[in-house]
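Listed below, chain by chain, are the residues.
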Amino acid sequence: MKIRLRRKLIIFQLSLLIIVTAFASIITTFDLQKYYKNRILSELQTHVHAIKFILSKSDQVVKRYEINYSYLTGYAKASNLRLTLIDSLGVVVFDSNVPEDSLRFVENHLYRPEVQMAMTGDLGIDDRKSATINKPMFYMAMQVNPLREGGEISQVRFIRLALPLGDIEQVLEDVRWKIFWGGGVALVLIAIISYTLAKRLTMPIQQLSFAAEAAKKGDLNAHFERTTNDEIGELADVLNEMLEKLRHDLIQMRKLERMRSQFLGNVSHELRTPIFAVQGYLETLMLNSMDESTRRSFINKAHSQAVRLNNLLRDLIDISRIESGEMKLNFHSFRIRDWLGKQVEEMQSLAQERNVQLKYLNHQDSSDYRVFGDQERLVQVIFNLVENAIKYCRPEGIVQVGYLAKGTNVEIWVSDTGRGIAEEHIPRIFERFYRVDKERSRAVGGTGLGLAIVKHIVEAHGSFVYVESQQDVGSTFSFSLKRDV
Ligand SMILES: Nc1ncnc2c1ncn2[C@@H]1O[C@H](COP(=O)(O)OP(=O)(O)O)[C@@H](O)[C@H]1O
Ligand SMILES: [Mg+2]
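(A) Structural detail: the overall build of the protein. Counting secondary structure elements, the protein contains 11 helices and 12 strands. The globule rule puts the C-alpha radius of gyration for 485 residues at 23 Å, and the 58 Å found for the protein is more than 25% above it. Each of the three principal axes of the protein carries a C-alpha extent, and together these read 175 × 60 × 35 Å. A total of 485 residues make up the protein; the buried ones form 38% of that total. Contacts in the protein between residues far apart in sequence, at least 24 positions, make up 65% of those at least 6 positions apart. About 29100 Å² of surface is accessible on the protein, with carbon and sulfur atoms providing 57% of the total. Charge centroids of the protein, computed over 63 positive and 59 negative side chains, lie 3 Å from each other.

(B) The site of ligand 1, seen in detail. Contacts to ligand 1 come from 19 residues, most closely from Asn388, Ser441, Thr447, Gly448 and Leu451. Contact between ligand 1 and Thr447: an oxygen atom at 2.6 Å from a main-chain N or O atom of the residue. A distance of 2.6 Å separates an oxygen atom of ligand 1 from a polar atom in the backbone of Gly448. Where the shell around ligand 1 is concerned, the elements lending two or more residues are helix 9 (375-391), helix 11 (450-460) and strand 12 (474-482). Considered class by class, the residues forming the shell around ligand 1 number 9 nonpolar, 8 polar and 2 charged.

(C) Spatial organisation of the sheet that holds strand 3 (residues 124-129). An order of 2-1-5-4-3 is seen for the 5 strands of this open sheet, with the pairing classed as antiparallel. Among the strands making up the open sheet, the edge pair consists of strand 2 (92-95) and strand 3. For this sheet, the mean inter-axis angle between neighbouring strands, taken without regard to orientation, is 20°. Of the pairings in the sheet, the one linking strand 1 (residues 82-87) to strand 5 (residues 156-164) comprises 6 bridges and is antiparallel in character. If you follow Ile86 over to strand 5, its bridge partner there is Phe158.

(D) Just unusual backbone geometry, in detail. The phi dihedral of Asn80 falls on the positive side, at around 60°, and the residue is not glycine. Along the chain, the position of Asn80 falls in the loop between helix 2 (69-78) and strand 1. Positioned with a positive phi, Glu396 is a non-glycine residue whose angle comes to about 70°. Its location among the elements puts Glu396 in the loop between helix 9 and strand 9 (398-406). We classify Glu396 as exposed; its relative accessible area is 58%.

(E) Quick peek at the side chain of Ser25. Mapping Ser25 onto the fold places it in helix 1 (residues 2-57). Polar side-chain contacts of Ser25 include one of 3.0 Å to the backbone oxygen of Ala22.

(F) Structural context of the packing of helix 5 (residues 231-287) against helix 6 (residues 292-323). Put simply, helix 5 and helix 6 touch, their axes get as near as 9 Å, and they point 160° apart. Our classification of the angle between helix 5 and helix 6 gives roughly antiparallel. Between helix 5 and helix 6 lies a crossing whose hand is left-handed. Among the residues making up the contact of helix 5 with helix 6, the classes are represented as 18 nonpolar, 3 polar and 4 charged.

(G) Representation of the pattern of salt bridges within the structure. For the coordinates displayed, the defined rule picks out 24 salt bridges. Residue Glu114 pairs with Arg128 through a salt bridge whose shortest N-O separation is 2.4 Å. Taken together, the residues Glu114 in helix 3 (residues 113-119) and Arg128 in strand 3 connect sequence positions 14 residues apart. Classification of Arg128 as partly exposed rests on a relative accessible area of 23%. Residue Glu459 is joined to Lys455 by a salt bridge in which the shortest nitrogen-to-oxygen separation is 3.9 Å.

Parameters at a glance
- Residues numbered from 1 in each chain as written.
- Chains lettered and ligands numbered in written order.
- Predicted model: local features only at pLDDT ≥ 70, side-chain atom pairs only at ≥ 80, totals over all residues.
- Heavy atoms only, no water.
- Helix = DSSP H or I, 4+ residues; strand = E, 2+ residues; numbered from the N terminus.
- Rg over C-alpha atoms; globule rule 2.2 N^0.38 Å.
- Buried < 20%, exposed > 50% of the residue type's maximum accessible area, 1.4 Å probe, protein only.
- Contact = heavy atoms within 4.5 Å.
- Areas by Shrake-Rupley, 256 points an atom, 1.4 Å probe, with all protein chains shown as cover.
- Lys, Arg positive; Asp, Glu negative; His and termini not counted.
- Charge placed at Lys NZ, Arg CZ, Asp CG, Glu CD.
- Near = heavy atom within 4 Å.
- Polar contact = N/O pair within 3.5 Å; in protein donor to acceptor, adjacent residues only side chain to side chain.
- Nonpolar A, V, L, I, M, F, W, Y, C, P; charged D, E, K, R; others polar.
- Pairing = 2+ DSSP bridges.
- Axes fitted to C-alpha atoms, helices over the stretch in contact; angles between N-to-C directions.
- Parallel < 35°, antiparallel > 145°, perpendicular 65-115°, else oblique.
- Left-handed = near helix turned anticlockwise from the far one by under 90°.
- Salt bridge = Lys/Arg side-chain N within 4 Å of Asp/Glu carboxyl O.

The analysis is restricted to geometry; functional conclusions fall outside its scope.
As structure tokens, then:
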């Protein structure tokens, strides 16, 4: 991935440079050419005027049919020009590049483009390859007045100058080469810079991609290195956060999985005990001949195990419905005083059985409140809490149930004068199947699920179960319901 990205970046930068260099060289040479032409033009103009002046002034240079050859040749040589003088018929009467005695071989110049142009009165200009020396030349021609100072008439009608363009071509060639070499050096430099830049840019991306690859293969401890302080760095942070979340979710999932299998183990263990017991009692009853009272006690024992089994199944169904989210709460507003009183009343027989005093405080005089809740589920909560209070109470002990308003809530509490719960057990008694004293719980028909159910239902009401307990003194369980005001 990084190789491709890096190569793309470099190719992009280099092509950019090549395009820019090409344009620069085209524009510069074009401009340069124009500039040179203009300079040549003005140079030739100066010369053509100077020659015109000389022709008009000096008797020494040109008389009617006499031209001072060496003077004009000298001028042309010194100015690096070719000077031609042409008469009105196009006959060349002087040429700085042609000896005097060869002039008659020179062809007629009347139809040279610059001469034709000069005939209209303007400056005649042309650039082309010279027919005589076969080199690119720049030409300028000017018509001159044959009437000279002093009234004499000159045979010269056109002054024509020619300058070899070879010089300019040479200069332009030089410039092109310089641009070419400069561009080449720049290309190498930029290639180096662009390579290091691309490397710096793609390195962090490459590291991220390595880490992502590792994460993809399941290494959740992979870490996205934050090497830069830019968008890539930010990306690394985001990816790390994402991975952290994944890690957390996975740990959570594994924990849930472990709890599930633990629960399954617990369930089968809990079910097996009463089933084996019932089976044992029944087998004994079938085989042995025994007296009536022993028989009765065996039947009672089998029955109580069956009841336990039934309770266990009921609690298991409840807890699985709650935990699967199948249980939907139906919130209603209801009056707490009589409702709670009724629940306590229903538990009186169990209390009597256990020789425990069960009291409902606040049941006549105190104010009545309306609260929100699912009555059916709250019955289960009260039942489980009061049942525990009675079962884990001392004989002759006292269990009290009451409520009191606290702000916008009504707190319901259940207290007992029982054995209490050691502090280290308190956080755990709400776990499924957790019992402080297994033997005692079993003896009183507990399933170990009661408080887990209580916790779920109370939390679904937006509250918590609070426990205050002192060993050998007693415990108080409480939770709150929202008041309907
Ligand atoms: N009022 C209480 N006094 C002392 N211990 C209690 C009381 N309520 C609950 N416990 C402890 O918490 C454990 C869990 O209670 P619970 O979930 O109702 O299961 P179970 O009552 O079936 O054993 C009990 O086994 C008991 O050890
Ligand atoms: Mg219980």
